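Observations on chain architecture
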Amino acid sequence: MTDPGLPPPHLTAGLRSEQRFSADRAASLANWILEDRDLLWDSWAVSARLSWQLPPEIADEVADAILVALPEQPSAPEVLAEFLAAIPSEPVIIIPSEPNPPVVAAGLPVITDVGELAASLNLDIGELEWFADRGTWLRTARVPLRHYRITRIPKRDGVRIIEAPKPRLAEIQRKILRRILDHRDPHPAACGFRRGKSVAHFAWPHTDRPVVLRLDLRHCFTTIGTARVRRVFADCGYSPAVSRVLAELSTTTTSSDALGDLDPWLAAMLRARHLPQGAPTSPALANLVMIRLDRRLAGYARRHALRYTRYGDDLAFSGDAMDADRVLWAVLRIVAAERFVVHPDKTRIMGRHQRQQLAGLVVNDHPQVPRAEFDALKALLHNAITTGASTQNHAGHPDFRAHIYGRIAWVGATNASRRERLLALADQVDWSA
């Protein structure tokens, strides 16, 4: 029988490092963890507790090992300290010899270990470790060696950080998306980033309602860390080691020199592993991570005869007899419990006498873009017919025609009559002029 104070053999196979916590350090960490009497005994909560004492990547690693070896919270710190003293104290990539093959969900590729994962992605173990950034060494690497290109896009309330993977990592992520994530269904309330769904599906349930409540999740992708992404892959049936590497291939830590002048809270989130906004896998992973949030909010809405939908980081509720303040209070508590943050400046309670707008669509009668947006586009097309398309391209779009037809598609998606009128005008434009 395996000594409960030692890590299972399959957790110590293939370790890059044998450095261990000292006995004093292990005892200190054990006391720190168990000092929180209300601590939930799950990998996220233990990792969050450890992150006050250890770097995030090490905290995640140690928390995973603890939960595998000690599925029930130990009553005595000495038991936990003995275990901590026996495991590696720095991040490692683990090539396990699984005691039992994982049970993978139907329709997903069977990947029994990290070596098989590397082969399925046409990588060797060294390349896999490099792209997974196991030791987060790329955080301080020179720009040419980094896996992501970072772009700042100004917003009214700050800046949006776009982290786009370079071609080779992007292709790896597209394989993960096609082979695994596209075969997993998010909650029915999730209308964004799904084939066959659109912003209109998000808005329609809230049409012609006396009261509509809209909330926005602040920096939604950035607040999703690697522990929650690992849980998505674990729920697919993959082993802890395979789930960990898949999560690391799908997350990143932002380099320190890109964090200047950012809000301290956002900079702290970016400094830890997170879903990069710009990666092919991030939208699908966000939807799957948020299944529990969607279930809780949908359940609350159902119990109170309300309607609930979500489009990315936009949440919407409506009802015929909705106490909006009471609903807002409950929703804020649920969102906080699920470790997301509501943007206070973007919360709106909209009555029938107001313009009820969701994700750019007015829903008072039926979802459609605001009349002013339609009129502005119509005026632009009239001017383009008269003076030439180039005179209207004030923003310097490289393919102005495609840009305008995209705007027409957006307006026309919820109003066929407006689409036909705009297309008729666009047909009269000399796009070469």
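Residues numbered from 1 in each chain as written. Predicted model: local features only at pLDDT ≥ 70, side-chain atom pairs only at ≥ 80, totals over all residues. Heavy atoms only, no water.

**Re the packing of aromatic side chains**
For the structure on display, the rule yields 6 aromatic pairs. Taking the centre distance of 6.1 Å and the plane angle of 65 degrees together, the rings of Phe400 and Trp431 count as edge-to-face. Remark: Trp431 occurs in the segment after helix H17 (416-426) and Phe400 occurs in helix H16 (residues 400-412); sequence separation between them is 31 residues. Each residue in the set Phe193, Phe202, Phe221 and Tyr311 is aromatic and connected to the rest through ring pairs, giving one cluster. Over the ring of Phe340 we find Arg228; its NZ or CZ atom is 4.5 Å from the centre of that ring. (Phe/Tyr/Trp six-rings, centres within 6.5 Å; stacked < 30°, edge-to-face > 60°. Helix = DSSP H or I, 4+ residues; strand = E, 2+ residues; numbered from the N terminus. Lys NZ or Arg CZ within 6 Å of the ring centre and 35° of its normal.)

**Some words on the sheet that holds strand S4 (residues 307-311)**
Overall, antiparallel pairing links the 4 strands, which are arranged S4-S5-S3-S6 in an open sheet. Each edge of the open sheet is held by one strand with a lone partner, namely S4 and strand S6 (348-351). With direction set aside, neighbouring strand axes in the sheet form an average angle of 15 degrees. Relative to S4, helix H13 (residues 291-303) is tilted by about 155 degrees, and along the sheet it contacts S4 and strand S5 (314-319). (Pairing = 2+ DSSP bridges. Axes fitted to C-alpha atoms, helices over the stretch in contact; angles between N-to-C directions. Contact = heavy atoms within 4.5 Å.)

**Here we look at the confidence of the model for the protein chain**
Mean pLDDT over the protein chain stands at 85; residues scoring 70 or higher make up 91%. The model gives residues 1-18 a pLDDT under 50, and that stretch makes 42 contacts with residues more than four places away or in other chains. Contacts for the low-pLDDT stretch residues 92-99, under 50 throughout, to residues beyond four places or in other chains number 34 contacts. (pLDDT = per-residue confidence, 0-100.)

**Quick notes on the pattern of salt bridges**
Inspection of every chain in the model, using the stated rule, returns 13 salt bridges. Where Asp294 meets Arg310, a salt bridge forms, and the shortest distance between an N and an O atom there is 2.9 Å. A residue pair is termed long-range when its members are at least 10 positions apart, and Asp294 in helix H13 and Arg310 in strand S4 qualify at 16 residues. Among the ionic contacts, a cluster of salt bridges with common partners joins Glu171, Arg174 and Arg178. (Salt bridge = Lys/Arg side-chain N within 4 Å of Asp/Glu carboxyl O.)

**Structural notes on unusual backbone geometry**
Within the chain, Asn122 stands out as a residue other than glycine whose phi angle is a positive 60 degrees. You can see Asn122 is positioned in the loop between helix H5 (114-120) and helix H6 (125-132).

**Side note on the pairing of strand S3 (residues 211-216)**
With 6 of its 6 residues buried, S3 lies for the most part within the structure. Alternating residues of S3 divide into Val211, Leu213 and Leu215 and Val212, Arg214 and Asp216, and every residue in both groups is buried. Here S3 pairs with S5 via 6 bridges, running antiparallel. By the bridge assignment for S5, Leu213 is matched with Phe317. Pairing geometry for S3 and S6, over 4 bridges, is antiparallel. (Buried < 20%, exposed > 50% of the residue type's maximum accessible area, 1.4 Å probe, protein only.)

**Details of the environment of Asp235**
Inspection of the secondary structure puts Asp235 in helix H9 (residues 226-235). Accessibility expressed as a relative area gives 52% for Asp235, which makes it exposed. Separated by 111 residues in sequence, Asp235 and Asp124 place their C-alpha atoms 26 Å apart.

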